[in-house]
Amino acid sequence: MSEAPGTVRQFAHPGRGRERARPVPKGRQVEPRAKVEIEALLGDRPRQRDLLIEHLHLIQDTYGQISAAHLAALADEMRLAFAEVFETATFYAHFDVVKEGEAAIPRLTVRVCDSITCAMFGAEKLLETLQAELGGDVRVVRAPCVGLCDHAPAVEVGHNFLHRADVAAVKAAVEAQDTHAHIPAYTDYDAYRAEGGYA
């Protein structure tokens, strides 16, 4: 079909493709319940992309794991691609991502360091014993080097690192729910300045 003389054809600029996109959601759908939970959890915290890991920690610490539904809701809330959020969460050993259809994991995880040094000090046997003797409410897994070679074997109960750990010490920490990090006394910035620091 011929066009009338003087007709100017309109060609869509390739960089303006989003304006022509169909108004339908793309990728994984966000579950309403998960969306409400993530909105409440983040509260008035900024949604900028460099806080992704902080927000993942918040979900992990609150729920003891990170579900696929929460990942999708977080991606939506932060305006990030689901793949970007998923890949970040699954890269780090301390994020426990539960995929769709998988059973929820226990609330408490015990991580046994599997570095060469810890292995030399009995970490493999310790791992086997803890897996056999701790109940189903505790998940016992191996962990990449935790940087405590001078205190081998190292075990992390929740976020509590045990030095030169043995079965009794791990069981005691689990029973006492001693799962938070123990931060030793240190000199903070103000005290350092008051004592002549930087003088």
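Reference entry: report on the structure contained in this document. Model, not experiment: these values are computed from the prediction.

1. Quick notes on unusual backbone geometry
Here is step 1: The step from Ala 152 to Pro 153 runs through a cis peptide bond, and the omega angle for that step is -5°.
Here is step 2: With respect to the helices and strands, Pro 153 occurs in the loop between strand 4 (138–143) and strand 5 (155–157).
Here is step 3: Of note in the backbone geometry, Gln 177 takes a positive phi value of approximately 55° without being a glycine.
Here is step 4: With respect to the element layout, Gln 177 can be found in the loop between helix 7 (167–175) and helix 8 (189–194).

2. Overview of the sheet that holds strand 6 (residues 160–162)
Here is step 1: Reading across from one edge, 4-3-5-6 is the order of the 4 strands in this open sheet, with mixed pairing throughout. Only two strands of the sheet have a single partner each, and these edge strands are strand 4 and strand 6. Within the sheet, the average angular offset between the axes of one strand and its neighbour, ignoring direction, is 25°.
Here is step 2: Sheet strands touched by helix 6 (residues 123–133): strand 3 (108–113), strand 4 and strand 5. Its angle to strand 4, the strand with the most contacts, is close to 160°.

3. Re the side chain of Asn 160
Here is step 1: Turning to its location among the elements, Asn 160 is positioned in strand 6.
Here is step 2: Here Asp 178 takes part through its backbone oxygen, which lies 3.0 Å from a polar atom of the side chain of Asn 160.

4. Overview of the environment of Asp 61
Here is step 1: Looking at where Asp 61 falls in the secondary structure, it is placed in helix 2 (residues 52–63).
Here is step 2: A relative accessible area of 47% places Asp 61 in the partly exposed class.
Here is step 3: Along the backbone, Asp 61 and Arg 107 are 46 residues apart, and their C-alpha atoms lie at a distance of 9.6 Å.

5. A word on the pairing of strand 3
Here is step 1: Counting buried residues along strand 3, 6 of its 6 residues qualify, which places the element largely inside the surrounding structure.
Here is step 2: Covered by surrounding structure in strand 3 are Leu 108, Val 110 and Val 112 together with Thr 109, Arg 111 and Cys 113, the residues of both alternating faces.
Here is step 3: Sheet topology places strand 3 next to strand 4; 6 bridges connect them, and they run parallel. Bridge assignment links Arg 111 to a residue of strand 4, and that residue is Val 141.
Here is step 4: Note that strand 3 and strand 5 share 3 bridges and pair antiparallel. Bridge pairing in strand 5 links Arg 111 to Glu 156.

Analysis parameters
Numbering of residues starts from 1 in every chain and runs along the sequence as written. Confidence filtering applies because this is a predicted model: local features only for residues at pLDDT of at least 70, side-chain atom pairs given and counted only at 80 or more, and all residues used for totals across whole chains, interfaces and linings. Each side-chain value is worked out from all heavy atoms of the structure, with water and hydrogens disregarded. Each helix is a run of H or I in the DSSP string that is no shorter than four residues. Each strand is a run of E no shorter than two, and both are numbered from the N terminus. Pairing between two strands is assigned when DSSP locates at least 2 bridges connecting them. Angular values range over 0 to 180 degrees, each being the angle between N-to-C directions of two axes fitted as lines to C-alpha atoms, with helices fitted over their stretch in contact. Contacts are assigned to residue pairs with any non-hydrogen atoms lying within 4.5 Å of each other. Here a polar contact means two N or O atoms within 3.5 Å. Within protein one must be a hydrogen donor candidate and the other an acceptor candidate, and residues neighboring in sequence count only if both atoms are side-chain atoms. Accessibility here uses a 1.4 Å probe with only protein chains present; expressed as a share of the type maximum, an area under 20% marks a residue as buried, one over 50% as exposed, and anything in between as partly exposed.

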